[in-house]
Amino acid sequence: MTAKLHFMTRVAQGASPRRWVLLLHGILGAGGNWAGFARDLAEARPDLGVLVPDHRLHGRSESGSPPDHLEACITDLEAMMEAFEGEIHAVVGHSFGSKIGILLALRQSSIRQAFVLDADPGPLLMSGKSRSEFQVLTLMDALREAPSKFASRGEFVEYMGRFGFRPEIAGWVGKNLRREGETLHLPLDLDRIENLLMSHHEFDAWPCLSHEGVERIDFIVGERSKVVGESTRSRMRSECDSDRLRHTLEVLPNAGHWLHVDQPKLLLQSLLKRLI
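Every chain is numbered on its own, with residues counted from 1 as its sequence reads. It should be noted that, the model being predicted, local features are given only for residues of pLDDT at least 70 and side-chain atom pairs only at 80 or more, the latter also being counted only at that level, while totals for whole chains, interfaces and linings use all residues. Heavy atoms from the whole structure form the basis of all side-chain values; hydrogens and water molecules are not counted.

Engineer: Can you help me understand the packing of aromatic side chains in this one?
Structural biologist: Think of a pair of aromatic rings as described by two things: how far the centres are apart, and how the planes are tilted against each other in angle. We call Phe, Tyr and Trp rings a pair once their centres come within 6.5 Å, taking the six-membered ring for Trp, and we label the pair stacked below 30 degrees between planes, edge-to-face above 60, and tilted otherwise. Scanning the entire structure with this criterion turns up 7 aromatic pairs. Three or more aromatic residues link up through ring pairs in this structure, and these residues are Phe150, Phe156, Tyr159 and Phe163.

If you want it as structure tokens, here you go:
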């Protein structure tokens, strides 16, 4: 069963855009993480509205039913788009949202451009490695050990700090907190969410990058990213060199994996330079 997705929209003051940018958050995030960025993007491009959904099992969206994989997320988004009064012109996917964005662009003829924000298009090989070597799995395990309730968001931020996550990242995950009476709880089905993550890790999107179904696919990577290594960046550069009209790569200085937290202004500038 598909999940009915919660979403927010942002448009420039007084604008009535017909074309929209779809902005897809990463695993354990929520559309609310991108609210300010979406507003700034819409104000900078009044001809474009920005549509920001929560994936299934995240934020305020429904959970849907298993199996939980990339195809399920794409089907959820297609159902949302069918009911949405507006044409999706471009899709911007961060991390987990990147491969979903690429595949959606190949299936939806209105989408001319996809952006890959700090994500490796290839499969992630985890055999022989411990979970502690992967930051997102460390994050997930920290949440598994979390108390059932928190007195405040500050208490949640403090708890996440014990695992080495800075306040900005804790606040990002904390968008999923829900109030029950006097306390906050985190209603995340971590086992199902990890299934989504594993589906993302297993899928190889490199062959999709040359598909004629989408006009442009652009890469934006954090200089300090531990997700996109040098071998992947080298392959991205090769893709750009082979077709400069189709691909570009920009490495944002002083940014890690969470580009919109570390360098929101530079990320916005990079997108605006490339949006067609």
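Engineer: It is not clear to me how the pairing of strand β8 (residues 216-222) should be interpreted in this structure. Could you clarify?
Structural biologist: Across a regular strand the side chains alternate sides, sitting on one face of the sheet and then on the other. For β8, the tally of buried residues reaches 7 of 7 residues, placing the bulk of the element in the interior. A 1.4 Å probe rolled over the protein chains alone gives each residue an accessible area, and that area as a share of the maximum for its type sets the label: buried under 20%, exposed over 50%, partly exposed in between. Per the convention used, a helix needs a DSSP run of H or I reaching at least four residues, while a strand needs a run of E reaching at least two, with both numbered from the N terminus. Here β8 shows two buried faces, one formed by Arg216, Asp218, Ile220 and Gly222 and the other by Ile217, Phe219 and Val221. Any two strands with at least two DSSP bridges between them are considered paired. In the sheet, β8 pairs with strand β9 (residues 249-252) via 4 bridges, with the strands oriented parallel. By the bridge assignment, Gly222 is partnered in β9 with Leu252. Crossover handedness is defined by viewing with both strands directed away from the observer: a clockwise path from the first strand over the helix to the second marks the crossover as right-handed. For the handedness criterion, the β-α-β arrangement of β8, helix α8 (residues 230-242) and β9 is classed as right-handed.

Engineer: Just to check I follow, could you spell out the environment of Asn195 for this structure?
Structural biologist: The topology assignment puts Asn195 in helix α7 (residues 190-202). Under the relative-accessibility criterion, Asn195 is labelled partly exposed at 42%. Between the alpha carbons of Asn195 and Phe150 there is a distance of 26 Å; along the sequence they are 45 residues apart.

Engineer: Before we go on, may I ask you to explain the environment of Leu41 in this structure?
Structural biologist: By secondary structure assignment, the location of Leu41 is in helix α1 (residues 35-44). Among the residues examined, Leu41 registers a relative accessible area of 2% and is labelled buried. Note: C-alpha distance between Leu41 and Leu268 (227 residues apart in sequence) is 6.7 Å. Whether two residues touch is decided by their heavy atoms; if any such pair falls within 4.5 Å, the residues are in contact. Those residues in contact with Leu41 that lie beyond four places of it in its chain are Val21, Val50, Leu268, Leu272 and Leu275.

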